[in-house]
Amino acid sequence: MNNQTKIFLDPSFFNQSENPLYHSKKLTVSLFRYKSGVEAVRVNIGRGEFVWLPYLGQQVWDWKVDGRSQKFSGFMNEPAYGKTFVENYGAFLIHCGFTGMGNPKADDTHLHHGELPVSRFNQAWLEFCDDELFPIALCGVFNYKVPFKGEYRFAPKVYLGHDGLSAKVAVDAENVSHTPLEYMYLAHINFDFAGSKTINYGDYQFDADHVRIIGGGPYAQEPDQLLSLSDEDVFDPEVVAVLSHKTDDEFISTLRKEDGSSRWVSQQTKGLDHTVMWMTHNADRGANGFALPATAGPEGKNIERALKKVKTLKAKGSVRFEYAFGYNE
């Protein structure tokens, strides 16, 4: 994109009282700080409102359309530093990985879903672009270095659609060291469960031969039962399925709601050759993560390594992950 204007952020810019940063006919940007101390950027654009945490994992904490939140319910109300993944589990989009990902087992040493969800980014900025469809991007860099473990640079950009009904994400990760680096990544996109009706994965064969149900259970032999949903369904604590992609192409997943609206996720399978379905639903919480773009399943690094799903960046090598999400009426 040409003619970019950048506004670099600093933690000193944020106060508990919300203050405007930028205003135009297309969008407004304001800064505030949660009572917990976490910095946040609010972008109002079209019919959408995005709340982004520029330093805490660069999570998209919330996304509203016409004032209604699109994210899961029953989880944490406010972000906080110094918490574990589950203790801070409340964002609409969470970057997961990078030296490990998933639910660690007894022989795993990585954090739950890796270090990225609890990371503090070194830099954060806004980019304003001469692009009618995606006029603003939320950007940053996280530099990771642990002796004997690895060193990498992680740089995501979240481009917000002009109407507030979609966003596209490009993540660049670079192995800074002179030795190979194993990596895993998952985009934890957490939609609300209420009103879910059907899930569609296009031409993908959603059957026992092509879908891995983690933990087995009643859906292991008939996973297609998960494609038709209602508010009466109970998934307690959760149900997880893993789809694997063999071609380098765009893969589109769609969630249809009872009111006729839909939510969608698209991913470029060149870098993200897995899609994880994650759902939980009971009287206390509801989440429909019908499409989490990923490089592997979320069973922990050692299990995924045994399945030959953990990938490696060569010395000084880099990789890009591209995906998008949106709302249709």
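Calculation notes
- Residues numbered from 1 in each chain as written.
- Predicted model: local features only at pLDDT ≥ 70, side-chain atom pairs only at ≥ 80, totals over all residues.
- Heavy atoms only, no water.
- Phe/Tyr/Trp six-rings, centres within 6.5 Å; stacked < 30°, edge-to-face > 60°.
- Helix = DSSP H or I, 4+ residues; strand = E, 2+ residues; numbered from the N terminus.
- Buried < 20%, exposed > 50% of the residue type's maximum accessible area, 1.4 Å probe, protein only.
- 1 Å grid on protein atoms, 1.4 Å probe; cavity = no way out; pocket = protein on both sides within 12 Å on 5 of 7 lines; lining within 4 Å.
- Points joined across faces, edges and corners; volume = space filled by probe spheres on them.
- Nonpolar A, V, L, I, M, F, W, Y, C, P; charged D, E, K, R; others polar.
- Pairing = 2+ DSSP bridges.
- Polar contact = N/O pair within 3.5 Å; in protein donor to acceptor, adjacent residues only side chain to side chain.
- Contact = heavy atoms within 4.5 Å.

(A) Molecular detail of the packing of aromatic side chains. One pass over the full model with this rule turns up 34 aromatic pairs. Relative to Trp125, the ring of Phe8 lies with its centre 5.5 Å away and its plane at 40 degrees, an arrangement referred to as tilted. Residue Phe8 is located in strand 1 (residues 5-8), and its partner Trp125 is located in strand 9 (residues 123-128); the two are separated by 117 residues in the primary sequence. Taking the relative accessible area as the measure of exposure, Phe8 reaches 45% and is therefore partly exposed. A centroid spacing of 5.0 Å and a plane angle of 70 degrees characterise the contact between Phe75 and Tyr89, whose relative ring orientation is edge-to-face.

(B) Quick peek at empty space enclosed by the protein. All told, the structure shown has one cavity of 30 Å³ or more when counted by the stated rule. Lining of the largest cavity is provided by Gln59, Thr84, Phe85, Asn88, Ile94, Pro117 and Val118. Taken together, the residues of the lining of the largest cavity sort by class into four nonpolar, three polar and no charged.

(C) Focus on the pairing of strand 11 (residues 150-160). In terms of burial, strand 11 is largely enclosed, as eight of its eleven residues are buried. Relative to strand 11, strand 10 (residues 136-146) is paired through nine bridges, and the arrangement is antiparallel. Within strand 11, the residue paired with Tyr144 across the bridge is Tyr152. Where strand 10 folds back onto strand 11 in an antiparallel hairpin, the turn is made up of three residues, including Phe148, whose phi is positive at roughly 70 degrees. In this antiparallel pair of consecutive strands, strand 11 and strand 12 (residues 166-175), the connection spans five residues, and Gly164 shows a positive phi of 75 degrees.

(D) How the structure looks around the side chain of Asn175. Structurally, Asn175 is set in strand 12. A polar contact is formed between the side chain of Asn175 and the side chain of Ser177, at a distance of 2.8 Å. In contact with Asn175, not counting residues within four places along its chain, are Glu151, Tyr152, Pro180, Leu181, Leu313, Lys314, Ala315, Lys316 and Gly317.

(E) Looking closely at the layout of surface pockets. In this structure, the largest pocket spans a volume of roughly 390 Å³. What lines the largest pocket is a set of 20 residues, and nearest its centre among them are His112, His113, Glu238, Val240 and Trp278. Secondary-structure elements contributing two or more residues to the lining of the largest pocket are strand 13 (181-189), strand 16 (235-244) and strand 19 (274-281). A class-by-class count of the residues in the lining of the largest pocket yields eleven nonpolar, five polar and four charged. What the second largest pocket holds in volume is close to 240 Å³. In terms of lining, the second largest pocket is formed by Asp203, Tyr204, Gln205, His210, Arg212, Val242, Ser244, Lys246, Leu307 and Lys309. Across the lining of the second largest pocket, the residue classes tally to three nonpolar, three polar and four charged.

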